[in-house]
Amino acid sequence: MYDYDDQNIFARILRGEIPSKTVLETEHTLVFEDIRPQAPVHLLVIPKGAYVAYDQFAAEASDAEILDFNRVLARVCAQTGVSGEAAGFRMISNAGAHGVQEVPHMHVHLLGGRPLGRMLE
Ligand code: 5GP
C-alpha cells in the first residue's frame, strides 16, 4: 500500500545529508524543529524506520519503536512546557493526498506555546 521514497527530506535529515535542529534523539525516534513554525513550539516527531504514514507505522513498527515514539513525545511535551491543563498542545499527523502530506516519511507535528484555537467544529 505504501512505497517508501528514501530520497524524501526527512530520510535525508536522518542520514545527516540536510541539517536540522535536533531537540531529542533516541535509538528509534528523532525530534527536530519544523522549518516553518506555526506556533512557538512546532516540533516534528519522526520514527527512524522507513514508514510513509502513521497507519503504516502503527501497523508495522515493532513494539519497541512504538513505545519509544510515544515516550519521546511525552518527554518533549514536558521539556517544552506544553504538558498540563494550563498549557496544552495539538498533535497532527497528515497522511496521503487527502491529508495533504508534504513529506512522505511518517511524522507527528507537535504544536503549542500559544492558544491554538478550535480546529474541528
Ligand atoms: P506535512 O504537510 O507533510 O505534514 O508537513 C511537513 C512539514 O515539514 C512542514 O510543516 C514543513 O514546514 C516541514 N519541513 C519541510 N521541509 C523541511 C526541512 O527541510 N526541514 C525541516 N526542519 N522541516 C521541514
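Source: prediction; values computed, not measured. (Residues numbered from 1 in each chain as written. Predicted model: local features only at pLDDT ≥ 70, side-chain atom pairs only at ≥ 80, totals over all residues.)

Q: Help me understand the site of the ligand in this model?
A: The local shell around the ligand holds 13 residues, among which I35, R36, N94, E102 and V103 are the closest. Considered class by class, the residues forming the shell around the ligand number six nonpolar, three polar and four charged. (Near = placed C-beta within 6 Å. Nonpolar A, V, L, I, M, F, W, Y, C, P; charged D, E, K, R; others polar.)

Q: Explain the pairing of strand β2 (residues 29-33) here, please?
A: Taken residue by residue, a regular strand's side chains alternate between the two faces of the sheet. Among the five residues that make up β2, four are buried, leaving the element largely enclosed by the rest of the structure. Bridge count between strand β1 (residues 22-25) and β2: three bridges; the pairing is antiparallel. Its bridge partner lying in β2, T22 is registered against F32. In this antiparallel pair of consecutive strands, β1 and β2, the connection spans three residues. Two elements, β2 and strand β3 (residues 41-47), share five bridges in a ladder whose sense is antiparallel. Residue F32 lies in a different strand from β3, and its bridge partner there is L44. (Buried ≥ 20, exposed ≤ 12 C-beta atoms within 10 Å, placed from the backbone. Helix = DSSP H or I, 4+ residues; strand = E, 2+ residues; numbered from the N terminus. Pairing = 2+ DSSP bridges.)

Q: When you look at the UniProt feature "active site" (unreviewed entry) in the protein in this model, what are you seeing that I'm missing?
A: As recorded in UniProt, the sites labelled "active site" (unreviewed entry) are H107. Within the secondary structure, H107 is located in the loop between β4 (89-92) and β5 (108-112). Looking at H107, the number of C-beta atoms within 10 Å reads 27, which means it is buried. Not counting residues up to four positions away in its chain, the partners in contact with H107 are F10, L44, V45, I46 and S93. (UniProt positions renumbered as here; feature names shortened; annotations may be inferred. Contact = placed C-beta atoms within 7 Å.)

Q: Explanation requested: the environment of V76 in the structure shown.
A: If you trace the backbone, V76 turns up in helix α3 (residues 63-80). A count of 19 C-beta atoms within 10 Å places V76 in the partly exposed class.

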